[in-house]
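Geometric and topological summary
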Amino acid sequence: MPTRWPATIFGAGMVVLALAFGLQPALQSPLRLVAGVAALIAMSAGIRHSRPDDVRPWWVLAGAVGLSALGGAAAGAPAWLTGRVSWLEPGGTALLLVGYAALAVALAGFVDRRTSSSRDRAGLLDALTVTSGVALLTWTFVVGPRMADATATGWTEIAMPLADLLCLGLLVRLATVPGRLVAPGYLLGAGVVGLLAADVGRASGLGHLALYTAAGLAALIPSMAELTRPAEKPPAETSTGRLALLAGAAMVAPTVLLAKMFRDGQFAGLTVVAGLSLLMVALLLARMAGIMASHRQAMSRERALREASAALVSANDNEAVGLAVRTAVAQLIPGDVPHGVVLAIAIAQAEPQSPEAAAQAAVDRATGTAARLVVTRDVDWAVAVRLTQFDRTLRCPMVLKDRPGGDPLVGVLHVAAPTWTLLDLQRSVEVLAAQVALALERIALGHEVIRRNSETYFRTLVQNTADVITIVDDQDRIRYASPSAVGVFGADPTGALLPEVIHPGERDRLAGVLTAVREGERLEEQLDFRARGNRRAEVLLELHCRDLRAEPTVAGLVITMRNVTEQRRLQNELTHQAFHDSMTGLANRVLFNDRLQHAVARSARDGSVVGVLFIDLDDFKIVNDTLGHAVGDQLLIAVAHRIAGALRADDTAARLGGDEFAAIVENVNDPGAVEETANRILEALAEPITTDAKPLHAVASIGITTTPEGADADELLRQADLALYVAKGAGKNQWRRYQAHLHHEMVQRLELRSALDHAVHEGHFLLHYQPIVDLPTGAAVGFEALVRWHHPRQGVITPDQFIEVAEESGLIVPMGRWVLEEALRTVAEWRRILPPGTAPYVSVNVSVRQFRETGFVEQVRTALAHTGVPPQALMLEITETLLARDDERIWSDLSVLRDMGIRIAVDDFGSGYSSLGHLRQRPIDVIKIDKAFIDDMVTGQQSMALVGDIVSLARSLGLVVIAEGVEDAAHRVVLVRLECPLGQGFLFSSPLGPTEVLAWLRNSQPIAV
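Residues numbered from 1 in each chain as written. Predicted model: local features only at pLDDT ≥ 70, side-chain atom pairs only at ≥ 80, totals over all residues. Heavy atoms only, no water.

What follows deals with the overall build of the protein chain. Counting its secondary structure elements, the protein chain contains 36 helices and 23 strands. Counting only residues that meet the buried cut, the protein chain has 44% of its 1009 residues in that class. A fraction of 66% describes how many contacts in the protein chain between residues 6 or more apart in sequence connect residues 24 or more apart. With the model as given, the accessible surface of the protein chain reaches about 51,200 Å², and the carbon-plus-sulfur share is 57%. (Helix = DSSP H or I, 4+ residues; strand = E, 2+ residues; numbered from the N terminus. Buried < 20%, exposed > 50% of the residue type's maximum accessible area, 1.4 Å probe, protein only. Contact = heavy atoms within 4.5 Å. Areas by Shrake-Rupley, 256 points an atom, 1.4 Å probe, with all protein chains shown as cover.)

Rendered as structure tokens:
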């Protein structure tokens, strides 16, 4: 509910109670109690709603209302009740008086909170004065007469007006606290005044109802919280309203005296005395008002001069001083008085002054800063024309007799206004003029100091700057040269012709530049010229020319020369580094793209062919991993030189990053010339490259495209990249040219990657198992887990179609995790079904990227624990290229796995770059001979001997050998003769499903343990 509605309802209810109180005398006692209770409820609601800072005065006020209501109801109880309870009436009277005391305490609390307990002697005296006047009136016309007839009226009719006086004094003190008195304060004041008036008129019941109403309404107004908040700082001046209040209080005594004499018929002489007393009080009050007005005016002028002083101190020029003067005069003069201000500042003049002006200036210097009231037409005409509307002008010279130099007369301040205003303003204008003189002198001295400091500053700069500053006359002769010229040229060039210090090859260009400057042409900011520097060494100078022949202090061309030899060298180096590869010196990707764009644009204009070649070294990562990055860097530098040597002078070779190179072939008429360039690059790379480790063969794949296939640079780059991808897929050491169908193949590859990602997350993979058998007996000892992709449209897809994509995309990691866990679950199922001790082990291929993942060992340990498979039933297969790596973390993980009981096998052994010596250094248990050696073993004696050597060496190292790709009986016979213990291949079985493995085991020979 809005706050105005509770107050309205409460006020209306109290009006109804007051009407009933006046119309029904018999019900006054209960109505008074009801009104007090209503006021208490209203005050309680207001206190809870507005939450004042200090609730104590409000609760005390509520207590005063409650005591008053209860005491009034008891004192005015019906006769039949007071007759039975004899103490009811005196007790009620006592509660009434206690209520007055509580009301006084509440008002004192409001005063204390508003004044913050500070001492306000003036406010206290004002309150005592007003209270004393009212007390005199009350004593003379109320208390005195009642005391004379105390037996008839009762002592309470004397005590209550006296208590009202105490409350009135506190109310006046609250009203005299500086600051705005909010509406609740006025309501409380009205209630206390009404109570006093009712007690004087012997109608205390209505007075108390008025107090209850005022207290309840004051509490319901939200601003009631302001009565318990500190007021602002008391002002230094007495307000007009307070002065009128004090005047009224001072008039009370004479007025009472006159009233009593007329009423009691006293002597006429006393009437004269009373009348003169009134007159004297009135005159004293008038004088006091005048003194206060003068004091306020003096304070205002002092404030105006203080603000003017602050403005003059911060002024930086004469305009700011004039503004401060006009503002100050406007504050010194009353706001409705017209005026004019002219600040005339003395300036040095070449021509002599008129006799009148000279005489006036002499008078001003003699009189100093004394202001004189003169006729406006007698002042200088330039000032008089601006002040013609005024008859008189206050003229105040601004003289500084101790001025360090120059005329002591700084200027004259003119203020025009009505004469009576000027007479009152004279001393203030003199003070203002003195401040203005000091401000003008400060500004003048500041400008002089700045000028002298600037001259010294620029002289120091010119003499100490590294730039050579010269002034050249119309004959190109150096008329002035700064001291830094000696350090640049080895001698002072003053007097020499400017072209003589410039390199002979630059003199014609210099002559053209000087002519253009003299003709007013605007030249470019940076002009570099070669010159003969110190010790006859050639330096590079940056020249800036300004034509200052019109300046009397220069009268020539100002030519600034800066030695930028090292700066330009550094800029060239940085530019070269920004566009060239730091290792090989070839163009980098940025420069390559820029030149390709320019080449394509020229091709579009002249119809020539532009070719783009992408060159990527094959198996470069193996070189880095086996021989180190230093050897790899040597190989890259040599390859870069050979690629650049295979190109023509117009072509561009670039290194794009890592082992990726590129070339631009320009200005050819036939795309076949681009293919010839690719052949030359392959031939150049065919020769072995000497490194610190050993000679290496750089084998590269090249992708080619030409402008007939691509319209812009970006398209050519994409096409060359696709062609490179095809060349790598076709084998090593060859090139492929872009064909339109390559784009379709790449799209298919991207689709394959997307489908593979979906398959990994949806679980669309199967595991098949190929047996590993004992070659002499044919009994199965283990199974290799082989992953298959169950494609929703293409059916079952073998790993050779998607493993490469999985490796590139990183999907091999989640796929390998699933293969490991699924293979172990299958082995656990076999071990549950097969007789104890007959279950085979399972071999799982592990990618290098799986080893790079943190926590791979823990992943294997967790999978074994979840499935209950012993570590001896698991073999992990790694690629042969991993043998050549020096990654200690990987080999440390493999050692941990091996210590757990898991066997480690090397897959496709013999197909990579590893040596048999690595087997001694690595935690290996099994080697699997690559299928290529097995295929050539029957017909090739060399392959058979190599397989035999591998078997013998593995046996001496305590390793187990498994032959891969055993597809016919002849393979098995040879391997058994070579004492190879184990083998796997289609001779024994194709990959089988998990349930098919169990059927195959039951139908085959017993498994060797």
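From this point, things continue past the structure.
With that out of the way, let us pick up the sheet that holds strand S7 (residues 527-532). Taken in spatial order, the five strands of this open sheet run S6-S5-S9-S8-S7, and their pairing is antiparallel. Across the chains shown, the open sheet's two edge strands, defined by having one partner strand only, are strand S6 (478-481) and S7. Adjacent strand axes in the sheet meet at a mean angle of 35° when their direction is disregarded. Pairing geometry for strand S5 (residues 468-472) and strand S9 (residues 556-563), over five bridges, is antiparallel. Note on S9: the bridge partner recorded for Val-472 is Leu-557. Packed onto the sheet, helix H20 (residues 565-579) meets S7, strand S8 (538-548) and S9 and runs at close to 110° relative to S8. (Pairing = 2+ DSSP bridges. Axes fitted to C-alpha atoms, helices over the stretch in contact; angles between N-to-C directions.)

With that out of the way, let us pick up the nonpolar core. Ranked by size, the top nonpolar core spans 72 residues in total, and within it Tyr-769, Val-844, Leu-874, Leu-876, Ile-927 and Leu-975 carry the most contacts. Sorting elements by how many residues they give to this core places helix H28 (residues 812-833) first, with nine residues. When sequence neighbours within four positions are dropped, the list of residues in contact with Ile-927 reads Val-906, Phe-909, Leu-919, Ile-950, Ala-954, Leu-959, Val-960, Val-961 and Ile-962. Counting residues in hydrophobic clusters, the runner-up holds 39 residues, among them Ile-47, Val-65, Ala-69 and Leu-195. (Core = buried A, V, L, I, M, F, W, Y, C linked by side-chain atoms within 4.5 Å.)

All right, on to the side chain of Asp-581 then. By the element assignment, Asp-581 lies in the loop between H20 and helix H21 (589-606). Each residue touching Asp-581, except ones within four places of it in the same chain, is listed here: Leu-586, Ala-587, Asn-588 and Arg-655.

With that out of the way, let us pick up the packing of H28 against helix H36 (residues 994-1003). At their nearest, the axes of H28 and H36 sit 11 Å apart, and the two run at 40° to each other. In terms of crossing hand, the pair formed by H28 and H36 is right-handed. Between H28 and H36, the residues in contact are Thr-826, Trp-830 and Ile-833 and Pro-994, Val-997, Leu-998 and Arg-1002, respectively. Looking at the contact of H28 with H36 residue by residue, the class counts come to five nonpolar, one polar and one charged. (Left-handed = near helix turned anticlockwise from the far one by under 90°. Nonpolar A, V, L, I, M, F, W, Y, C, P; charged D, E, K, R; others polar.)

Turning our eyes to something else, we now look at the packing of H28 against helix H30 (residues 856-867). For the pair H28 and H30, the least separation of the axes is 9 Å and the interaxial angle reads 30°. Taken as axis vectors, H28 and H30 run roughly parallel relative to one another. For H28 against H30, the interelement crossing comes out right-handed. Contact residues: Arg-817, Leu-820, Glu-821, Leu-824, Arg-825 and Ala-828 in H28; Gln-859, Val-860, Ala-863, Leu-864 and Thr-867 in H30. When grouped by side-chain class, the residues that make up the contact of H28 with H30 number six nonpolar, two polar and three charged. (Parallel < 35°, antiparallel > 145°, perpendicular 65-115°, else oblique.)

Tracing the backbone through its elements, the reader meets Ala-638 in helix H23 (residues 629-645). On the basis of relative accessible area, Ala-638 is assigned to the buried category, the value being 18%. Sequence separation between Ala-638 and Leu-685 is 47 residues, and the spatial gap between their C-alpha atoms is 9.1 Å.

Within the structure shown, the criterion is met by 20 salt bridges. With a closest N to O distance of 2.9 Å, Asp-547 and Arg-549 form a salt bridge. A salt bridge links Lys-928 to Glu-964; its shortest N-O distance comes to 3.6 Å. With a gap of 36 residues between them, Lys-928 in strand S21 (residues 926-929) and Glu-964 in strand S22 (residues 960-964) connect regions that are remote in the sequence. (Salt bridge = Lys/Arg side-chain N within 4 Å of Asp/Glu carboxyl O.)

Time to look at the sheet that holds strand S1 (residues 340-345). Pairing is antiparallel in the open sheet, where four strands are placed in the order S1-S4-S3-S2. Edge positions in the sheet fall to S1 and strand S2 (372-375), since each has one partner strand and no second. Strand-to-strand, the axes of this sheet are offset by a mean angle of 25°, without reference to chain direction. Note that strand S3 (residues 392-399) and strand S4 (residues 409-416) share seven bridges and pair antiparallel. If you follow Met-398 over to S4, its bridge partner there is Gly-411. Against the sheet, helix H14 (residues 318-332) touches S1 and S4, its axis set at about 150° to S1.

Structural measurements only, silent on function.
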